[in-house]
Amino acid sequence: MEYEERELILELFPGTSPDLLPIGEILYYRDGEGRVVILEKGPPELKLVLEPLPGSPATPQVCEACHRHLSGQAAGFFRHTVGGDPRHLRYLVLCQDTARCASHAPPGRLREILLRGILS
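An account of the accompanying structure is given in this report. All figures in this text were calculated on a predicted structure; none of them were measured in a lab. (Residues numbered from 1 in each chain as written. Predicted model: local features only at pLDDT ≥ 70, side-chain atom pairs only at ≥ 80, totals over all residues. Heavy atoms only, no water.)

## Concerning the pairing of strand S2 (residues 36–40)
Phase 1: Burial of S2 is extensive: five of the five residues sit out of reach of the surface.
Phase 2: Here S2 shows two buried faces, one formed by Val36, Ile38 and Glu40 and the other by Val37 and Leu39.
Phase 3: Of the strand pairs in this sheet, strand S1 (residues 26–30) and S2 are connected by five bridges, and their pairing is antiparallel. In the sheet register, Leu27 faces S2, and the bridge partner there is Leu39. (Buried < 20%, exposed > 50% of the residue type's maximum accessible area, 1.4 Å probe, protein only. Helix = DSSP H or I, 4+ residues; strand = E, 2+ residues; numbered from the N terminus. Pairing = 2+ DSSP bridges.)

Now the structure itself:
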C-alpha cells in the first residue's frame, strides 16, 4: 500500500491542525450557482465556499488569490461567514475567471485564504 504524507501524519498524530499539514491538491473553481470554491483534497478535505456579491468594482482592484491588477469587469466581490456566525463576514476581491486566476495563483496563497476562512 502507498500512503500520502498527510495520511501518515494524521495516522500518527490525529489531532494535527490543518495549517501544519503539507499542502494537498488545491482546487479553485466556480460552482453551478456562481459561488467560488476553494477545496484542498484530504484527508482531511478542507472546503471554503465564497458567495458572490452583486455588481462590480468601479475602480481597479487587486485579486487576493493571484495578486494581479484587475479592471472593474474582471474583478468580483465575494464573502463568507467567519466562525459559523452569520453576522461575521469576510469580504474578498477575486478574479471573475477562476480558471485563469488559478493558473497564476500560487497554491500556498489559495491555501492561506482557505485556512483563514475555515480556521477563523
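Once the structure has been displayed, the description carries forward.
## Some remarks on the sheet that holds S2
Phase 1: Taken in spatial order, the five strands of this open sheet run S1-S2-S3-S6-S7, and their pairing is antiparallel. In this open sheet, the two edge strands, each paired with only one partner strand, are S1 and strand S7 (85–95). If you compare each strand with its neighbour and ignore which way they point, the axes differ by 25 degrees on average.
Phase 2: Docked against the sheet, helix H3 (residues 107–119) engages S1, S2, strand S3 (46–52), strand S6 (75–82) and S7, running at close to 85 degrees with respect to S3. (Axes fitted to C-alpha atoms, helices over the stretch in contact; angles between N-to-C directions. Contact = heavy atoms within 4.5 Å.)

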